[in-house]
Amino acid sequence: MSATKILKLMKEKEVDYVDLRFTDPRGKLQHLTMDGKIVDEEMLNKGVYFDGSSIAGWKAINESDMILKPDLERQVIDPFTSHNTLVLFCDVLDAVKKDPYERDPRSTAKKAEVYLKKSGIGDKAYFGPEAEFFVFDDVRYKNDMNETGFSIDSSEGPYNTGKKYESGNMGHRPGIKGGYFPVPPVDAAQDMRGEFLKALRDMGIKAEKHHHEVAPSQHELGMVFDTLTTQADNLQLYKYGVHMVAHSFGKTATFMPKPVK
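Anyway, here's the lowdown on the structure attached to this text. This one's a predicted model, so the numbers in the text were calculated from it and none came from an experiment.

1. Remarks on the side chain of Asp-24
Link 1 in the chain: Relative to the elements of secondary structure, Asp-24 occurs in the loop between strand E1 (17–23) and strand E2 (29–35).
Link 2 in the chain: Within the structure, the side chain of Asp-24 is placed 2.9 Å from the backbone nitrogen of Lys-28, a separation counted as a polar contact.

2. Let's talk about the packing of aromatic side chains
Link 1 in the chain: Counting across every chain of the model gives nine aromatic pairs.
Link 2 in the chain: Arranged with centres 5.5 Å apart and planes meeting at 85°, the rings of Phe-80 and Tyr-240 form a pair that is edge-to-face. Of this pair, Phe-80 sits in the loop between strand E5 (76–77) and strand E6 (85–94) while Tyr-240 sits in helix H5 (residues 228–248), and the two are 160 residues apart along the sequence.
Link 3 in the chain: Assessed through its relative accessible area of 26%, Phe-80 is described here as partly exposed.
Link 4 in the chain: For Tyr-240, a relative accessible area of 18% corresponds to the buried category.
Link 5 in the chain: Aromatic rings pair up to connect Phe-133, Phe-196, Tyr-238 and Phe-255 into one cluster.
Link 6 in the chain: Across the ring face of Tyr-240, the terminal group of Arg-21 is positioned such that the distance to the ring centre comes to 4.3 Å.

3. Topic: the nonpolar core
Link 1 in the chain: In this structure, Val-18, Leu-20, Leu-44, Trp-58, Leu-68, Leu-86 and Val-92 are the most contacted members of the largest nonpolar core, which totals 24 residues.
Link 2 in the chain: For this core, the elements supplying multiple residues, two or more each, are helix H1 (3–12), E1, helix H2 (41–46), strand E3 (48–51), strand E4 (65–70) and E6.
Link 3 in the chain: When sequence neighbours within four positions are dropped, the list of residues in contact with Trp-58 reads Phe-22, Thr-23, Asp-24, Pro-25, Phe-50, Gly-52, Met-66, Val-92, Tyr-101, Arg-103, Asp-104 and Pro-105.
Link 4 in the chain: Ala-199, Met-223, Tyr-240 and Ala-246 belong to the second-largest nonpolar core, a separate cluster that totals 23 residues.

4. Some details on the side chain of Arg-74
Link 1 in the chain: Relative to the elements of secondary structure, Arg-74 occurs in the loop between E4 and E5.
Link 2 in the chain: Buried and without a salt bridge, Arg-74 has Asp-233 as its closest oppositely charged side chain, separated by 4.4 Å.
Link 3 in the chain: Polar side-chain contacts of Arg-74 include one of 2.5 Å to the side chain of Asn-234.
Link 4 in the chain: Ignoring any residue separated from it by four or fewer positions in sequence, one finds Arg-74 in contact with Val-87, Leu-88, Phe-89, Met-203, Ile-205, Thr-230, Asp-233, Asn-234 and Leu-237.

5. A look at the packing of helix H4 (residues 190–202) against H5
Link 1 in the chain: Relative to each other, H4 and H5 sit at 135°, their axes nearing to 9 Å. When the axis of H4 is compared with that of H5, the two are oblique. H4 and H5 meet at a crossing whose hand is right-handed. Contacts between H4 and H5 pair Met-192, Glu-195, Phe-196, Ala-199 and Leu-200 from the former with Leu-237, Tyr-238, Gly-241, Val-242, Val-245 and Ala-246 from the latter.
Link 2 in the chain: Among the residues forming the contact of H4 with H5, the class breakdown is nine nonpolar, one polar and one charged.

Rules used in this analysis
Residues numbered from 1 in each chain as written. Predicted model: local features only at pLDDT ≥ 70, side-chain atom pairs only at ≥ 80, totals over all residues. Heavy atoms only, no water. Helix = DSSP H or I, 4+ residues; strand = E, 2+ residues; numbered from the N terminus. Polar contact = N/O pair within 3.5 Å; in protein donor to acceptor, adjacent residues only side chain to side chain. Phe/Tyr/Trp six-rings, centres within 6.5 Å; stacked < 30°, edge-to-face > 60°. Buried < 20%, exposed > 50% of the residue type's maximum accessible area, 1.4 Å probe, protein only. Lys NZ or Arg CZ within 6 Å of the ring centre and 35° of its normal. Core = buried A, V, L, I, M, F, W, Y, C linked by side-chain atoms within 4.5 Å. Contact = heavy atoms within 4.5 Å. Lys, Arg positive; Asp, Glu negative; His and termini not counted. Salt bridge = Lys/Arg side-chain N within 4 Å of Asp/Glu carboxyl O. Axes fitted to C-alpha atoms, helices over the stretch in contact; angles between N-to-C directions. Parallel < 35°, antiparallel > 145°, perpendicular 65-115°, else oblique. Left-handed = near helix turned anticlockwise from the far one by under 90°. Nonpolar A, V, L, I, M, F, W, Y, C, P; charged D, E, K, R; others polar.

Here's what the structure looks like:
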């Protein structure tokens with residue numbers, strides 16, 4: 001899509017802000033929000049400068065200038081913000097040479113796709129990751145000079161079978177490794193996962209399914225497979241949507257591999 005069409009879209013959707021998102025070397029999604037009133041064709045085509053020195057593994061303070069170059073082919077209206085916000089994924093460019101920064105994960109993915117086609121092995125490679133996650137009611141941890149430890153809690157956890165709740169303990173919860181696939185009320189997160197999937201659809205992702213996973217408090221959403229860079233963007237939106245929806249339910253989500261078994 002051209003910059004002109006992006007500006008037209010912003011007018012049609014009454015967009016107040018443009019959120020420029022990029023991925024750091026650890027895979028974490030980062031962002032910079034621009035006031036929609038200063039977004040013009042030049043900014044969309046050339047990008048904006050930002051300080052890359054505080055991103056772990058990137059630039060030193062004396063060479064911190066980098067460029068966020070929006071990819072105009074993918075536009076997402078953020079379903080969670082109170083003001084209409086257009087999300088654009090960005091490639092990170094070197095401020096001097098203006099070419100893709102070699103430590104930018106998204107640029108690396110694009111290079112891999114170009115190399116695949118150039119090699120003659122194939123034109124496209126498709127990916128269908130299964131990103132599982134846990135949802136908890138309470139997460140506490142500390143690492144002080146005199147003590148260290150962590151504590152997690154979920155009303156769904158089998159460790160709460162004997163806990164007294166103000167409204168009573170109904171006893172419906174999956175046992176250890178018993179979360180695959182009992183119906184509600186044992187599966188207490190049916191409606192929340194429905195909201196997860198709706199959020200993915202609202203952000204333009206081809207959602208396929210949702211279900212409880214094996215461990216207590218563990219869940220999975222299904223996405224239709226796609227090409228490397230597109231699916232990488234989708235996975236970042238997937239994680240963003242899960243974190244935001246869980247937060248709206250007064251809960252917290254983590255993609256750690258095995259916080260509980």
